[in-house]
Amino acid sequence: MRILNHTDPTLVGKEGLVIEDTENAFMIGSNSRKILVIKQNGLFQISTKGKIFVVPGTKLIGKPEKRGYKFE
């Protein structure tokens, strides 16, 4: 995951693997560092299965098991 835009400008451009996904935030791991990112305030680039998606954080809010999206 890469952070394309965020209300916290220090997070823009950061990227890493999502190691925890909660209702309102992601924990991203990169180079043995962990970054807590509030979903609502950001625009994210997600890469999976060779495809790239740009998703506003507001679309990712909610309990992971209750979200009904698939990246295909």
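This text goes with the structure placed above it.
Residues numbered from 1 in each chain as written. Predicted model: local features only at pLDDT ≥ 70, side-chain atom pairs only at ≥ 80, totals over all residues. Heavy atoms only, no water.

A. Focus on the overall build of the protein chain. Tallying secondary structure elements over the protein chain gives zero helices and six strands in all. Put simply, the protein chain runs from its N terminus to its C terminus through helices and strands in the order β-β-β-β-β-β. A total of about 5000 Å² of accessible surface is found on the protein chain, and carbon and sulfur atoms cover 50% of it. (Helix = DSSP H or I, 4+ residues; strand = E, 2+ residues; numbered from the N terminus. Areas by Shrake-Rupley, 256 points an atom, 1.4 Å probe, with all protein chains shown as cover.)

B. Focus on the pattern of salt bridges. In this structure the tally under the stated criterion is two salt bridges. Among the ionic pairs, Glu15 bridges to Arg2, the shortest N-O distance being 2.7 Å. Here Arg2 lies in strand β1 (residues 2-6) and Glu15 lies in the loop between β1 and β2 (17-21), a separation of 13 residues in the sequence. For Glu15, a relative accessible area of 42% puts it in the partly exposed group. Using a relative accessible area of 32% as the deciding quantity, one classes Arg2 as partly exposed. Linking Asp21 and Lys39 is a salt bridge whose minimum nitrogen-to-oxygen distance equals 2.7 Å. With Asp21 in strand β2 and Lys39 in the loop between β4 (33-38) and β5 (42-48), this residue pair connects regions lying 18 residues apart in the sequence. Take Asp21: its relative accessible area is 27%, and that puts it in the partly exposed class. By relative accessible area, Lys39 is classed as buried at 0%. (Salt bridge = Lys/Arg side-chain N within 4 Å of Asp/Glu carboxyl O. Buried < 20%, exposed > 50% of the residue type's maximum accessible area, 1.4 Å probe, protein only.)

C. Quick peek at the packing of aromatic side chains. Going through the model one piece at a time under the given rule, you end up with one aromatic pair. Positioned above the aromatic ring of Phe26, the side-chain terminus of Lys39 is 4.8 Å from the ring centre. (Phe/Tyr/Trp six-rings, centres within 6.5 Å; stacked < 30°, edge-to-face > 60°. Lys NZ or Arg CZ within 6 Å of the ring centre and 35° of its normal.)

D. A look at the side chain of His6. Position of His6 relative to the elements: it lies in strand β1. Within the structure, His6 has its side chain in polar contact with the backbone nitrogen of Asp8 (distance 3.0 Å). Separated by 3.0 Å, the side chain of His6 and the backbone oxygen of Ile38 make a polar contact. (Polar contact = N/O pair within 3.5 Å; in protein donor to acceptor, adjacent residues only side chain to side chain.)

E. Fine view of the nonpolar core. Of all hydrophobic cores here, the largest spans 11 residues; its members are Met1, Ile3, Leu11, Phe26, Ile28, Ile35, Val37, Phe44, Ile46, Val55 and Leu60. Looking at this core, the elements with two or more residues in it are β3 (25-30), β4 and β5. (Core = buried A, V, L, I, M, F, W, Y, C linked by side-chain atoms within 4.5 Å.)

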